[in-house]
Amino acid sequence: MTIETYENKYLPNEEIAKIERMISEDEKDMRLKGHFIQFSGLIYKNFKKETNMISEVPKNFQEWFKFIAIDPGIDNPCAATWIGMNRDMRFPQYCIYDDYYESDKTIEENVSNIVQINGGDKIQAIILDPWAGRQRTAINGLTTYDEFNKAFRKHSNNKLWLKRINTYDKFAQISKIRQLLNFNDIYGKTALTITENCYAVIKEICRYRYQTQRDKNKNLSEKPQKVFDHTMNCIESFFSINP
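A brief look at the structure comes next.

Thresholds applied
- Every chain's residues receive numbers from 1 upward, in the order its sequence appears when written.
- Per-residue local features of the predicted model are confined to residues with pLDDT of at least 70, and side-chain atom pairs are confined, for both listing and counting, to 80 or more; whole-chain, interface and lining totals are unaffected and use all residues.
- Note that water and hydrogens are dropped before the side-chain values are worked out from all heavy atoms of the structure.
- Here a cavity denotes grid points, spaced 1 Å and computed from the protein atoms alone, that fit a 1.4 Å probe unable to get out, and a pocket denotes an open set having protein on both sides within 12 Å along at least 5 of 7 lines; residues with an atom within 4 Å of a point are the lining.
- Grid points are joined across faces, edges and corners, and a volume is the space filled by probe spheres set on the points.
- Throughout this entry, Asp, Glu, Lys and Arg are counted as charged residues, while Ala, Val, Leu, Ile, Met, Phe, Trp, Tyr, Cys and Pro are counted as nonpolar. The remaining residues, Gly among them, count as polar.
- For this document, the term salt bridge refers to a Lys or Arg side-chain nitrogen within 4 Å of an Asp or Glu carboxyl oxygen.
- A helix here means a DSSP run of H or I that spans at least four residues, while a strand means a run of E at least two residues long, and both kinds are numbered starting from the N terminus.
- Each residue gets one of three labels from its accessible area relative to the maximum for its type: buried under 20%, exposed over 50%, partly exposed in between, using a 1.4 Å probe on protein chains only.
- In this scheme, strands are said to pair when DSSP sees at least two bridges between them.
- By definition, residues are in contact when any of their heavy atoms lie within 4.5 Å.
- Axes here mean lines fitted to C-alpha atoms, for a helix over just the part in contact, with angles spanning 0 to 180 degrees between N-to-C directions.
- The rule is short: rings of Phe, Tyr and Trp, with Trp giving its six-membered ring, pair when the centres are within 6.5 Å, and they are stacked under 30 degrees, edge-to-face over 60, tilted in between.
- When the NZ atom of lysine or the CZ atom of arginine is within 6 Å of a ring's centre and also within 35 degrees of its normal, the charge is said to sit over that ring.

## Notes on the layout of surface pockets
Over the atoms, a rolling probe the size of a water molecule traces out where space has been left empty.
Working step 1: Estimates place the volume of the largest pocket at around 460 Å³.
Working step 2: Contributing to the lining of the largest pocket are 21 residues, with Asp 129, Trp 131, Lys 226, Asp 229 and Asn 233 lying nearest its centre.
Working step 3: Across the lining of the largest pocket, the residue classes break down as seven nonpolar, seven polar and seven charged.

Have a look at this one:
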């Protein structure tokens, strides 16, 4: 027997409506309808185009801090995301306002393209996926981090360089991003938005899933699949610096 939240006569309808706006459809089934569900499949189920996608950047966006996060994709596509962060510590907001996604390019080509897309925007830091950044190239033995850093300094006249990440907790970053995607009823908006021109980000966030196999205790895996994850790696790497 299950009892729905809607049957709770002590909970006002406006409070239930507030809860509905802040949680995903699966969470509604569990928390409001009392259904037992297994959270698996899509990682960012609470991403909603109605609240998380915007047609243009927020007002006063020129005053926001700007960052670039990169998944180098040595054997896969190279991806980059541009992320803005406002200066209001009462309600920190983040806006993903551009992306880059290319296959079969050298580090030099990718960096040159990213610098060109960025134009003259002031960037606080460039973050490289820390796991990929530790890999060494076969040509000269330098790490991917060192190769990208050298290329950025060259193509930007020493105006852009990488920020080194020493710790990286993927599960913590996923949890933070989920929280930011939720609708904040106090401020009447979400803390994380994506502009409509970010086609790669939008495509991947709607397809980013957990692995389906179970561990030795028959629990579903909490590791993301290694597919549709390149821009997601970028965003998760950005939040590893805990801005």
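There's more to say after this.
## Digging into the pattern of salt bridges
Working step 1: One pass over the structure, following the stated rule, counts four salt bridges.
Working step 2: One salt bridge connects Lys 150 with Glu 147, and the closest N-O pair in it is separated by 3.9 Å. Here Lys 150 and its partner Glu 147 are both found in helix H6 (residues 144–155), three residues apart, which amounts to about one turn of the helix.
Working step 3: Among the residues examined, Glu 147 registers a relative accessible area of 13% and is labelled buried.

## Here's the deal with the sheet that holds strand S3 (residues 78–85)
Working step 1: The mixed open sheet is built from seven strands, whose spatial order is S1-S9-S4-S3-S2-S5-S6. At either end of the open sheet lies a strand with only one pairing partner, and these are strand S1 (53–54) and strand S6 (162–163).
Working step 2: Pairing geometry for strand S4 (residues 94–102) and strand S9 (residues 192–195), over three bridges, is parallel. Within S9, the position partnered with Cys 95 by the bridge is Thr 193.
Working step 3: In this fold helix H4 (residues 107–118) packs onto strand S2 (65–71), S3 and S4, with an angle of close to 140 degrees to the strand it touches most, S4.

## Considerations on unusual backbone geometry
Working step 1: In the Ramachandran plot, Asn 157 falls in the positive-phi region, its phi being about 55 degrees despite a non-glycine side chain.
Working step 2: Relative to the helices and strands, Asn 157 is located in the loop between H6 and S6.
Working step 3: Here Asn 157 falls in the exposed class, since its relative accessible area comes to 63%.

## Side note on the environment of Trp 64
Working step 1: Here Trp 64 lies in the loop between S1 and S2.
Working step 2: With 19 residues separating them along the chain, Trp 64 and Ile 83 place their C-alpha atoms 9.6 Å apart.
Working step 3: Residue contacts for Trp 64: discarding those within four places in its chain leaves Pro 58, Lys 59, Gly 84, Met 85, Asn 86, Gln 93, Tyr 94 and Cys 95.

## Quick look at the packing of aromatic side chains
Aromatic rings considered in pairs are described by the distance between their centres and by the relative angle of their planes.
Working step 1: Going through the model one piece at a time under the given rule, you end up with eight aromatic pairs.
Working step 2: Seen from their ring centres, Phe 61 and Tyr 97 are 5.0 Å apart, and the 75 degrees between their planes marks the pair as edge-to-face. Within this pair, whereas Phe 61 is found in the loop between S1 and S2, its partner Tyr 97 is found in strand S4, the two being separated by 36 residues in sequence. The pair Phe 61 / Tyr 97 is uniform in exposure class, with both members buried.
Working step 3: Ring geometry for Phe 238 and Phe 239: centres 4.8 Å apart, planes at 70 degrees, overall edge-to-face. The two residues Phe 238 and Phe 239 agree in class, both being buried.
Working step 4: Each member of the aromatic cluster is reached from another via a ring pair, and the members are Phe 67, Tyr 94, Phe 238 and Phe 239.
Working step 5: Over the aromatic face of Phe 61 sits the side chain of Lys 66, whose NZ or CZ is 4.7 Å from the ring centroid.
Working step 6: The positively charged end of Arg 87 is found above the aromatic ring belonging to Phe 65, 4.1 Å away from the centroid.

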